[in-house]
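Examination of the molecular architecture
Residue-level listing of the chains:
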Amino acid sequence: MVDGSAAEPMTTLSDGFEPADEDAWLAAVDKVLKGAPFTKLLSTTADGITIQPLYTPDNSPGAHDDAGFPGAAPFTRGAHAARRADVAWDVRMVVTGADARTANANVLQDLERGVTSLELRWGSGPVTDATSLAAALDGVYLELVPVALRPGFDVVTASDALAALWAERGVEPADALGGFGADPIATLAARGGAGRDPERMLAELGSLAARTAERFPAVRSVTVSTLPAVEAGASECQELAVMLATGAAYLRSMAAAGLTADQAAGQIQVELAADEDVFSTVAKIRAARRLWSNLLAACGVSADAQAPALHVTEATRMLTRFDPWVNLLRGTAAVFAAGIGGADGVTALPYDVLLGNPSELGRRMARNTQLLLQEESNLGRVLDPAGGSGYVESLTDEMATVGWSLFQELESDGGMPAVLLDGSLAARIVDVRDARMARVATRRAPITGVSEFPNLGEAPPSPTPEPAAEPHAGARPLLVPVRWAERFEALRDQADAARAAGHEPTVFLANLGPVATHTARATFAKNFFEAGGLLATTSQEGSSTGFGSAEDAAAAFVASGATLVCICSSDPLYGELARPVATALKAAGAQRVYLAGNPGDRRDAETAAGVDEFVHVGVDVLASLRRAHQILGLERAASVNTTDPEVAQ
């Protein structure tokens, strides 16, 4: 104290509370479970990793071991010993536009407003040759702004064009920044392998890396991208295995071209995906650094060169075409996870990227999401903020263990080119993808704005972006991309096509009893059917009560002009009215009668009375909606935008 008196004892936030006790917690949980088994609280990831409801020293030993320090091998806690002096991570934007001139205007605006590096997708956008490359980058200070190419199969042409542009603009080789993006395995996965020789492509990669190491010390010539596997539906641990197996193939090619182990490691940038599952993404990024360090150590790379240059890109598979504004929330979660996980650079996608060339608002929001997280939420001020968390440390350890095991399996099966070309990698991923799609179909993995809380009256974003050319049309990827929402979106497309043709596909809600009795299940039914584009209607809008008799319900159904009907009420009222109402609705011409709720032991009686289908939590929503579409005779929309064979057939 300033006056010299004795200091008062400090208080802590825990004062007045009993010490934490796991047994007391378990006792409290048991009361909530009401006799249900504790295993009800456990969940399992796509890789079979069990997620506990509570992490303690007993079930998360990794959190209490010596995890090392940021900037030191195996780099679990981060590749750097101190935060960057300028920004928390590199803010990268994909160059888009209808042509090179439009792309250049977008580029200059992005750079003026916070973007720190650019990604150029050669041949699938505004940049297709050296002339359009120069036009798109007109006015860009190339000695300050890294340019990362995604060249596809044209890696030699694209890299030569960028190197020539550096020379033309007076950029000294030592000052050139960015990367050439040679990634033949990812390109084969995304575009198909017809007529391509993987061995020749790997040799080409090695030669490019050798030339780059000699001429451009700050440029990385090789990218190890897991995006094609992720967009095909791969799990986190499968993604880690693909990263390692691809890296091993590239390291061998560079060694054959004469590079030392350290030189080869310095030529690689690793690219992972981020989605809305924050904790899984954080743990995956931490595990990726550990595994990459282990791989490079096994290849003889020195400890100081084992940290990956790690870029994280937002996954497209989680995005939606309908209610695209929700993509802002998904993207924010993905960028947050990438920042917490310690990514060196992040690419956030505009919320309207699936609708064509992104709008100015879409690009601005993608930039500002990152800038706000860096500058206002202060992500990056603390290194490895998830370190020490029992959950994250345990998940990191388990992902690393499973990922390394899967990597060993890929190597034993011949390595990445072999498992990619023979289809065995795709088969592994399809198993995981289908399991996720099954959860999406039942809404156990809900998609806000599409399978949950759809808005049939939504207006498209304004201004509507001009359509983007579909790249590589007709090519068959070796790893077929999917989006989780696309099967529901296909149904919405079909319903919208019918709507545009003058036919409003509807389901009539026969609500029984007072509003407090039927509202919960009527709301459930409305969300259920509108997820397939079917408008849920009732003649009782604004009324405080539903139908009180079978005759009233049947008469209102006939007046609505609908052919599908769903009965909505409480279990007690179902016991009284469900059977006569179902019978009356069938007699009134209903082609299919639904009942909202799990009937339990009433099922047989209500089915006999005329109920065709029960809709409730856990049913296959997608299958039910497809049956409804078939009954209504809705035609398949021509605008379905998917490579999913189940949808596109």
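This write-up is about the structure you can find in this document. (Residues numbered from 1 in each chain as written. Predicted model: local features only at pLDDT ≥ 70, side-chain atom pairs only at ≥ 80, totals over all residues. Heavy atoms only, no water.)

1. Considering the overall build of the protein chain
Quick reminder of the rule: Here a helix means four or more residues in a row that DSSP labels H or I, a strand means two or more in a row labelled E, and each is numbered from the N terminus. Values of the radius of gyration come from C-alpha atoms, whereas the globule rule sets the reference at 2.2 Å times the count of residues to the power 0.38. Buried means the residue's accessible area, taken with a 1.4 Å probe over protein chains only, is under 20% of the maximum for its type, while exposed means over 50%, and partly exposed covers the values in between.
When its secondary structure is counted, the protein chain shows 22 helices and 15 strands. The C-alpha radius of gyration computed for the protein chain amounts to 28 Å, which stays within 12% of the reference 26 Å derived for 649 residues, consistent with globular compactness. Over its C-alpha atoms, taken along the principal directions, the protein chain stretches across nearly 85 × 75 × 60 Å. Every one of the 649 residues in the protein chain was classed for burial, and the buried ones make up 53%.

2. What about the sheet that holds strand S12 (residues 535–537)?
In any sheet, the strands associate via hydrogen bonds between backbone groups, in a parallel or an antiparallel arrangement. Heads up, the condition is: In this description, strands pair whenever DSSP reports at least two bridges between them. Comment: axis = line fitted to C-alpha atoms, over the contacting stretch for helices; angle = value between 0 and 180 degrees taken between N-to-C directions. In what follows, residue pairs with any heavy atoms lying within 4.5 Å of each other are defined as contacts.
Taken together, the five strands give an open sheet; going across it, the order is S12-S11-S13-S14-S15, and neighbouring strands pair in parallel fashion. Of all the strands in the sheet, the pair left with one neighbour each is S12 and strand S15 (613–615). The sheet shows a mean angle of 30 degrees between the axes of neighbouring strands, direction not considered. Along the sheet, helix H18 (residues 550–560) contacts strand S11 (506–511) and strand S13 (564–568); its crossing angle with S11, the most-contacted strand, is approximately 160 degrees. Against the sheet, helix H21 (residues 621–632) engages S13, strand S14 (592–596) and S15, with an angle of about 155 degrees to S14.

3. Points about the packing of aromatic side chains
Stated formally: Pairing of aromatic side chains requires ring centres within 6.5 Å, counting the rings of Phe and Tyr and the six-membered ring of Trp. Pairs whose planes differ by under 30 degrees are stacked, by over 60 edge-to-face, and all others tilted. In this analysis the charged atom, NZ for Lys or CZ for Arg, is taken to sit over a ring once it is within 6 Å of the ring centre and within 35 degrees of the ring normal.
One pass over the structure, following the stated rule, counts 12 aromatic pairs. Here Trp404 and Phe407 contribute two aromatic rings whose centre-to-centre distance is 5.1 Å and whose plane-to-plane angle is 65 degrees, an arrangement assigned as edge-to-face. Of this pair, Trp404 and Phe407 both sit in helix H13 (residues 390–412), three residues apart, which is roughly one turn of the helix. Positioned over the ring face of Phe153 is Arg196, at 3.8 Å from the centre of the ring.

4. Here we look at empty space enclosed by the protein
Definition in use: Here a cavity means grid points, on a 1 Å grid over the protein atoms only, where a 1.4 Å probe fits yet cannot get out; a pocket means an open set of points with protein on both sides within 12 Å along at least five of seven lines; lining residues are those with an atom within 4 Å of a point. Grid points are joined across faces, edges and corners, and a volume is the space filled by probe spheres set on the points. Residue polarity follows a fixed list, in which Ala, Val, Leu, Ile, Met, Phe, Trp, Tyr, Cys and Pro are nonpolar, Asp, Glu, Lys and Arg are charged, and the others, Gly among them, are polar.
One pass over the structure, following the stated rule, counts four cavities of 30 Å³ or more. Of the voids in this model, the largest cavity is the one considered here, and its volume is about 250 Å³. When residues of the lining of the largest cavity are assigned to their parent elements, the largest contribution, three residues, is made by helix H11 (residues 326–341). Class assignment for the residues of the lining of the largest cavity results in 10 nonpolar, six polar and six charged. Roughly 70 Å³ of internal volume is contained in the second largest cavity. Lining the second largest cavity are 14 residues, and of these Leu328, Gly331, Leu349, Ala366 and Thr369 sit closest to its centre. Elements with a contribution of two residues or more to the lining of the second largest cavity: H11 and helix H12 (360–375). Here the residues of the lining of the second largest cavity sort into eight nonpolar, five polar and one charged.

5. Things to note about the environment of Leu42
Position of Leu42 relative to the elements: it lies in the loop between helix H1 (22–33) and strand S1 (43–44). On the accessibility criterion, Leu42 (30% relative accessible area) is partly exposed. Sequence separation between Leu42 and Val617 is 575 residues, and the spatial gap between their C-alpha atoms is 19 Å. With sequence-adjacent residues up to four places away left out, Leu42 is seen in contact with Thr50, Ile51, Gln52 and Pro53.

6. Some remarks on a negative patch on the surface
Selection rule: Each patch groups residues whose relative accessible area exceeds 30% and which form no salt bridge, using 9 Å between like charges and 5 Å between nonpolar side chains of Val, Leu, Ile, Met, Phe, Trp and Tyr. Residue-level accessible areas treat just the shown protein chains as cover; the underlying method is Shrake-Rupley with a 1.4 Å probe. Every case where a carboxyl oxygen of Asp or Glu lies within 4 Å of a side-chain nitrogen of Lys or Arg is listed as a salt bridge. Charged residues are defined narrowly, with Lys and Arg counted positive, Asp and Glu counted negative, and His plus the chain ends left uncounted. Think of each charge as sitting on NZ of Lys, CZ of Arg, CG of Asp or CD of Glu.
Where like charges cluster on the molecular surface, the negative patch consists of Asp21, Glu22, Asp23 and Asp58. Here Asp21 is to be found in the segment before H1.

7. What to know about a nonpolar patch on the surface
A contiguous nonpolar patch, built from Leu26, Phe38 and Leu41 and spanning about 210 Å² of accessible area, is present on the exposed surface. Relative to the elements of secondary structure, Leu26 occurs in helix H1. Residue classification places Leu26 among the partly exposed positions, given a relative accessible area of 33%.

8. Regarding the packing of H11 against H12
Defined as follows: Roughly parallel means an angle under 35 degrees; roughly antiparallel, over 145; roughly perpendicular, 65 to 115; everything else is oblique. Each helix crossing is assigned a hand: it is left-handed if the near helix lies turned anticlockwise from the far helix by less than a right angle, otherwise right-handed if that turn is clockwise.
For the pair H11 and H12, interaxial distance at closest approach is 10 Å and the crossing angle is 40 degrees. In this view, H11 runs oblique relative to H12, as classed from their interaxial angle. Between H11 and H12 the crossing geometry is right-handed. The residues of H12 that touch H11, namely those facing Leu328, Thr332, Val335 and Phe336, are Met365, Thr369, Gln370 and Leu373. Classifying every residue of the contact of H11 with H12 by side-chain character gives five nonpolar, three polar and no charged.

9. Some words on the environment of Ala559
By secondary structure assignment, the location of Ala559 is in helix H18. What makes Ala559 exposed here is its relative accessible area of 67%. Ala559 sits 20 residues away from Ser539 along the chain, and the two C-alpha atoms are 8.7 Å apart.

10. As for the state of the cysteines
Any covalent bond linking the sulfur atoms of two cysteines counts as a disulfide. Spelled out, the test is: To count as a disulfide, a pair of cysteine sulfur atoms needs to be within 2.5 Å.
Applying the stated criterion across every chain yields a total of zero disulfides. As a non-bridged cysteine, Cys568 has Cys566 as the owner of its nearest cysteine sulfur, 4.0 Å distant. Given the relative accessible area of 0%, Cys568 is considered buried.

11. A look at the pattern of salt bridges
Counting across every chain of the model gives 32 salt bridges. In this structure, Lys284 engages Glu239 in a salt bridge whose closest nitrogen and oxygen atoms are separated by 2.7 Å. Of the two residues, Lys284 is situated in helix H10 (residues 278–298) and Glu239 in helix H8 (residues 236–256); the sequence distance between them amounts to 45 residues. Like Lys284, the residue Glu239 is buried in the burial classification. Put simply, Glu613 and Arg627 hold a salt bridge, and the shortest N to O gap is 2.7 Å. Here Glu613, found in strand S15, pairs with Arg627, found in helix H21; they are 14 residues apart in sequence, far enough to count as distant. Accessibility expressed as a relative area gives 8% for Glu613, which makes it buried. One salt-bridge network, held together by shared partners, links Arg77, Arg286, Asp384 and Glu393.

12. A closer look at unusual backbone geometry
Note that the residue after Ala73, namely Pro74, is joined by a cis bond; omega there is 10 degrees. Note on placement: Pro74 falls in the loop between strand S2 (50–51) and strand S3 (90–94). At Lys34, a residue that is not glycine, the phi angle is positive and equals roughly 55 degrees. Of note, Lys34 is situated in the loop between H1 and S1. Positioned with a positive phi, Asp323 is a non-glycine residue whose angle comes to about 45 degrees. One can find Asp323 in the loop between strand S9 (309–314) and H11.

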